[in-house]
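Tertiary structure, described
These are the residues of each chain, in order.
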Amino acid sequence: MTRHFLIAGALLAASVSTTAVQAADIKIGALYPITGGGAVYGVPAMLGNRMAVDEINAAGGINGNKVVIVERDTKLNPAEAAAAAKELITKDGVNVLIGGLSSGVGLAISEVAKNEKVLYIATIPKTIQMTTSKLHPYVFRTASHTDFEGDAIAQIVKKLGAKKVCDIQLDYAYGHDLAKGIEKGLKKHAPGVKKVLDLRSKLGATDYNAVISQLIASDCEVVTSGLWGSHFVNFAQQARPFGFFKSKKYVSGGEIASQEIAGKMGADYPDNVWSNTYELWYHSPSPAHKKFQAALSKLQGKKETPMWPVLAWIGVKFYATAAEKAKSIEAEKVAKALEGLSIETPVGRRTIDAKTHQANTGQFWGPMSKRKGVKYRMMDPVTFIDAKL
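Since the model is a prediction, treat every value here as computed from it, not as a measurement.

What counts as what
- Residues numbered from 1 in each chain as written.
- Predicted model: local features only at pLDDT ≥ 70, side-chain atom pairs only at ≥ 80, totals over all residues.
- Heavy atoms only, no water.
- Helix = DSSP H or I, 4+ residues; strand = E, 2+ residues; numbered from the N terminus.
- Rg over C-alpha atoms; globule rule 2.2 N^0.38 Å.
- Buried < 20%, exposed > 50% of the residue type's maximum accessible area, 1.4 Å probe, protein only.
- Contact = heavy atoms within 4.5 Å.
- Areas by Shrake-Rupley, 256 points an atom, 1.4 Å probe, with all protein chains shown as cover.
- Phe/Tyr/Trp six-rings, centres within 6.5 Å; stacked < 30°, edge-to-face > 60°.
- pLDDT = per-residue confidence, 0-100.
- Pairing = 2+ DSSP bridges.
- Right-handed = clockwise from strand over helix to strand, strands pointing away.
- Expected span 1.5 Å × (residues − 1).
- Core = buried A, V, L, I, M, F, W, Y, C linked by side-chain atoms within 4.5 Å.
- Disulfide = S-S within 2.5 Å.

Here we take up the overall build of the protein. On a plain count of helices and strands, the protein comes out with 12 helices and 16 strands. Expected size for 389 residues packed as a compact globule is a radius of gyration near 21 Å; at 20 Å, the protein falls within 12% of this value. Seen through its C-alpha atoms, the protein measures out along the principal axes to roughly 65 × 45 × 35 Å. For the protein, buried positions account for 60% of its 389 residues. A separation of at least 24 residues holds for 68% of the contacts in the protein among residues at least 6 apart in sequence. Surface exposure of the protein reaches about 15400 Å², of which carbon and sulfur atoms provide 53%.

Spelled out as structure tokens, the structure:
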């Protein structure tokens, strides 16, 4: 029977299988950061992975075979992730790789998948390169991508009536591609808006004082960004004392509207922030979401559940549905079945484009607002922006 493990920050980067492996078992290689700075996202994602596998096994497995997970800690490092992916394939014999967090990690895993001819379903990495210039037959993405995200940011900038914007991004694939996505979106939705400042911070940076000073000195009304996780937390904590969020509106990707970030920051979450999330525990657009959230809430013993489990859940469910459709676990046959495949998810129907291998994954967007009696910010109003360009 499948056993759930609660991963703590001290968990070793060793392989973890949630059930005893038999010869006929179908093996999923799950790759997320479960220690270090990325664990705030990776640990909940790994939980979603297990939820999906438990549901699949309870329903009879895939083509009658039990599904097991072999887990690896990517440590949010592309080299570590590539080595882990290679080991999962060559040593553990996994049938599919699922996961990734940062775009750099996602691209590293994708390269291994291409070379080894093993499927990779990217559940979180967003760089547009994955499904354009670096697309190959074995990679599929169920997350959004940087052009979708940048287009949504541009729509919000237009709604806010900004004339000038500044942009701050992390200096790696996701940040570079999101900046380009925002520029494309502004040309489409708000061609009169001028970018007056373009800044980059190192991935993993903790000191933002220099860029904060530049942003405050600028005459832009809106700051666009993709600082995610601890990057945004550190930036916000350092910027607030200078009145940054009183003088600038901050429109950001990177899912800083998720419960993981809003709940962690509590009363320290700043004013004038508009952001995105894939899912909100307090916003149920469908009975399927209510069911998923209730199961996650019961599993975690709290009502305020994280966002990232649903992304991993969707990735696993796409693989299972495709393997059932193909009546096979051969990579080429499952890949063919994934092309054009649609499934119902807790956040709506999702379809993978047959040519680009990209799912039509939109997101919820809105301002992060105070609510009476609540210690953290909540998105209000909540607006779903579809994945259309």
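Counted by the stated rule, this structure contains 16 aromatic pairs. For the ring pair Tyr 208 and Phe 235, a centre distance of 5.8 Å and an interplane angle of 80° mean the geometry is edge-to-face. Note that Tyr 208 is positioned in the loop between strand S8 (194–201) and helix H6 (209–217) and Phe 235 in helix H7 (residues 230–239), a separation of 27 residues in sequence. For Tyr 208, a relative accessible area of 0% gives the class buried. Residue Phe 235 is classed as buried on the basis of its relative accessible area of 0%.

The next thing to look at is the confidence of the model for the protein. With 94% of its residues at a pLDDT of at least 70, the protein reaches an overall mean of 94. With pLDDT under 50 throughout, residues 1–19 is counted as low confidence; its partners more than four residues away or in other chains account for 41 contacts.

To continue, consider the pairing of strand S3 (residues 67–73). In the case of a regular strand, side chains alternate between the two sheet surfaces. Counting buried positions along S3 gives seven out of seven residues, so the element sits mostly inside the fold. Of the two faces of S3, the one carrying Val 67, Ile 69, Glu 71 and Asp 73 and the one carrying Val 68, Val 70 and Arg 72 are both buried. When strand S2 (residues 26–32) meets S3, the two strands line up parallel, connected through seven bridges. By the bridge assignment, Ile 26 is partnered in S3 with Val 67. Since S2 and S3 lie parallel, the crossover through helix H1 (residues 39–58) that links them has a hand, and here it is right-handed.

Attention now moves to H1. For an α-helix the count is 3.6 residues per turn, leaving residues at separations of three or four pointing the same way. Between its first and last C-alpha atoms H1 spans 28 Å; for 20 residues at 1.5 Å apiece the expected length is 28 Å, and the two agree. Counted residue by residue, H1 has 16 buried out of 20 residues, so it is predominantly covered. Downstream of H1 by a residue or two, Gly 60 has a phi angle that is positive, lying close to 110°.

Membership of the largest hydrophobic core comes to 108 residues, with the highest contact counts inside it found for Phe 232, Phe 235, Tyr 250, Tyr 319 and Leu 338. Take this core: its biggest share by element is 12 residues, from helix H11 (residues 308–326). With residues up to four places along the chain from it excluded, the contact list for Tyr 250 reads Val 223, Ser 225, Leu 227, Phe 232, Phe 235, Phe 244, Phe 245, Ile 256, Asn 272, Val 273 and Trp 274. Leu 31, Val 70, Leu 107 and Tyr 120 belong to the second largest nonpolar core, which has 20 residues in total.

Quick look at the state of the cysteines now. Chemically, a disulfide is nothing more than a covalent bond linking the sulfur atoms of two cysteines. In total, this model carries one disulfide according to the counting rule given. The disulfide partner of Cys 166 is Cys 220, and the S-S distance across this bridge is 2.1 Å. Its torsion about the S-S bond being -105°, the disulfide of Cys 166 and Cys 220 is classed as left-handed. Here Cys 166 is found in strand S7 (residues 164–170), whereas its partner Cys 220 is found in the loop between H6 and strand S9 (222–225), with 54 residues between them in sequence. Each member of the pair, Cys 166 as well as Cys 220, carries the same accessibility label: buried.

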